[in-house]
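What the coordinates show
What follows is each chain in one-letter form.
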Amino acid sequence: MYKKPKKRLGQNFLIDKNILQKISSASNITSPDIIVEIGPGNGELTSFLVAFPEKIYAIEKDKDLIQELKNKFSGCRNLEIINQDILKVNLKEIFDRHAKKIKIIGNIPYNISSPIIEFVIKNREFIDIALFTVQKEFAQRLTALSGSKLYGSLSCFLQYYASAVVVFQISRSCFRPAPKVDSSFIRVDFKKELPLNQQAEEKFFELTRSSFNQRRKTLRNSLSKVISQDLLEEFFKITKLDRNIRPEKMTIENYLSLTRLVMSKKY
Ligand code: SAH
């Protein structure tokens, strides 16, 4: 039975079979894989994925879609359909059950893209790879480098933990209802080693967030309440960066250096 898509749940269903096939191939799923699919919706992408992995958990928040999904996939013994909010799923439990890292996949609800990115980063030790369809601009923000207009604290946050690449673009016309913007299919690989310890990490995020809060000011002005001017002057002297540099011109490496300098003065 046809159900009206729910906007508040970000329901834009992918209907283009070529794109679904492309996502499935690019996901490179093989038989030992454990998959978590975010928001199966009507199960279109699920149909393309289900043939391959050892196990697929399809997590759908909308309970009105669950019965139809269960009917559609009644013969699939490797698929478990779960009526839950993805942000409340215990990935560690799934990881422990299979003693294997998870591939997390989905055409994700756009209104919770940032919380989903935070969720996968928090759970990265249980995740092998994340493969998401997101809004094009969100993908650009995740992957942006210094100097780009979309480079900001989200870019620094993600790229601190992971590298994200756009695999291909998806036109808005491939969805029903069609959203107002195009999408990108991205893959996120987590770094094996992180550049800072946990305490310094928090400082790094504080510095990047404060800097980009007022991205049109100079770095010096944006950070005037967060670190001392003396320290900033020292930073400019060491790095030979322009004293009037703007936040978006600072590379992640530059922010890391600044963080290390701040932390070195703490004790
Ligand atoms: N994968 C499908 C549907 C994508 S639309 C397709 O490609 O066609 C996004 C889906 O995520 C919808 O089915 C929506 O109900 C579901 N969803 C929204 N918020 C969710 C949440 N917090 N947890 C799990 N699923 C959610």
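**Examining the packing of aromatic side chains**
By convention here, two paired aromatic rings are described through the distance between centres and the angle between planes. For the structure on display, the rule yields 12 aromatic pairs. Here the aromatic rings of Phe-95 and Phe-126 are separated by 5.3 Å at their centres, their planes lie at 50°, and the arrangement is tilted. Of this pair, Phe-95 sits in helix α4 (residues 91–98) while Phe-126 sits in the loop between α5 (113–122) and β6 (127–135), and the two are 31 residues apart along the sequence. On the basis of relative accessibility, which here comes to 8%, the residue Phe-126 falls in the buried class. Taken together, a centroid distance of 5.2 Å and an interplanar angle of 35° make the contact between Tyr-160 and Phe-204 tilted. Remark: Phe-204 occurs in helix α8 (residues 198–213) and Tyr-160 occurs in helix α7 (residues 153–161); sequence separation between them is 44 residues. On the basis of relative accessible area, Tyr-160 is assigned to the buried category, the value being 1%. Note on Phe-204: relative accessible area 0%, which makes it buried. Taken together, Phe-157, Tyr-160, Tyr-161, Phe-204 and Phe-205 form an aromatic cluster joined through their ring pairs. The side chain of Lys-22 reaches across the aromatic face of Phe-168, ending 4.4 Å from its centre.

**Quick look at the pattern of salt bridges**
For the structure shown, the criterion picks out 14 salt bridges. In this structure, Asp-85 engages Lys-61 in a salt bridge whose closest nitrogen and oxygen atoms are separated by 4.0 Å. Here Asp-85, found in the loop between β4 (79–83) and α4, pairs with Lys-61, found in the loop between β3 (55–60) and α3 (63–72); they are 24 residues apart in sequence, far enough to count as distant. Overall, Lys-61 belongs to the partly exposed group, its relative accessible area being 48%. For Lys-265, the salt bridge goes to Glu-234, with nearest N and O atoms at 3.0 Å. Here Glu-234 lies in helix α10 (residues 229–239) and Lys-265 lies in the segment after α11 (252–264), a separation of 31 residues in the sequence. Classification of Lys-265 as partly exposed rests on a relative accessible area of 45%. Residue class for Glu-234 comes out partly exposed when judged on its relative accessible area of 30%. Members of the salt-bridge network, linked through shared partners, are Lys-6, Asp-62 and Asp-64.

**Examining the sheet that holds strand β7 (residues 162–170)**
The strand order across the open sheet built from seven strands is β4-β3-β2-β5-β6-β9-β7, with neighbouring strands paired in mixed fashion. Strand pairing shows two members of the sheet lacking a second neighbour, β4 and β7, which therefore form its edges. Strand-to-strand twist across the sheet, computed as the mean angle between neighbouring axes with direction ignored, equals 20°. Inspection of the sheet shows strand β5 (residues 102–107) paired to β6 by six bridges, in the parallel sense. Residue pairing across strands places Asn-107 opposite Thr-133, the latter belonging to β6. Contacting β5, β6, β7 and β9 (183–190), helix α1 (residues 17–27) crosses the sheet at an angle of about 155° to β7. Of the strands in this sheet, β3 and β4 touch α3, which is tilted by about 160° from β4.

**Focus on the packing of α8 against α11**
Contact pair α8 / α11: the axes reach a minimum separation of 9 Å and the direction vectors enclose 120°. Viewed along their axes, α8 and α11 adopt a mutual orientation that is oblique. Read as a crossing pair, α8 and α11 show a hand that is right-handed. Residue-level contacts link Gln-199, Ala-200, Lys-203, Phe-204, Leu-207, Thr-208, Ser-211 and Phe-212 of α8 to Ile-252, Tyr-255, Leu-256, Leu-258, Thr-259, Val-262 and Met-263 of α11. Class assignment of the residues belonging to the contact of α8 with α11 gives a composition of 10 nonpolar, four polar and one charged.

**Some thoughts on the domain arrangement of the protein**
Interface size is commonly expressed as the accessible surface area that is lost when the partners come together. The domain architecture assigned to the protein consists of domain 1 (7–190) and domain 2 (198–264). Domain 1 and domain 2 are separated by 34 Å when their C-alpha centres are compared. Listed as interface residues are 13 residues of domain 1 and, on the opposing side, 15 residues of domain 2. On the domain 1 side of the interface with domain 2, the three residues burying the most area are Tyr-151, Cys-156 and Tyr-160, jointly 47% of the side's total. At the boundary of domain 1 with domain 2, the tally comes to zero salt bridges. Counting across the interface, domain 1 meets domain 2 through seven residue pairs in polar contact (both at pLDDT 80 or more).

**Observations concerning α11**
Its 13 residues give α11 an end-to-end C-alpha distance of 18 Å, which sits within 8% of 18 Å, the value for a rise of 1.5 Å per residue. The complete set of buried residues in α11 reads Ile-252, Asn-254, Tyr-255, Leu-256, Leu-258, Thr-259, Leu-261, Val-262 and Met-263. Those residues of α11 that are buried lie in contact with α7, α8, α9 (219–222) and α10.

Cut-off values and rules
Residues numbered from 1 in each chain as written. Predicted model: local features only at pLDDT ≥ 70, side-chain atom pairs only at ≥ 80, totals over all residues. Heavy atoms only, no water. Phe/Tyr/Trp six-rings, centres within 6.5 Å; stacked < 30°, edge-to-face > 60°. Helix = DSSP H or I, 4+ residues; strand = E, 2+ residues; numbered from the N terminus. Buried < 20%, exposed > 50% of the residue type's maximum accessible area, 1.4 Å probe, protein only. Lys NZ or Arg CZ within 6 Å of the ring centre and 35° of its normal. Salt bridge = Lys/Arg side-chain N within 4 Å of Asp/Glu carboxyl O. Pairing = 2+ DSSP bridges. Axes fitted to C-alpha atoms, helices over the stretch in contact; angles between N-to-C directions. Contact = heavy atoms within 4.5 Å. Parallel < 35°, antiparallel > 145°, perpendicular 65-115°, else oblique. Left-handed = near helix turned anticlockwise from the far one by under 90°. Nonpolar A, V, L, I, M, F, W, Y, C, P; charged D, E, K, R; others polar. Domains from an automatic or database assignment. Buried area = accessible area lost by both parts, 1.4 Å probe. Polar contact = N/O pair within 3.5 Å; in protein donor to acceptor, adjacent residues only side chain to side chain. Expected span 1.5 Å × (residues − 1).

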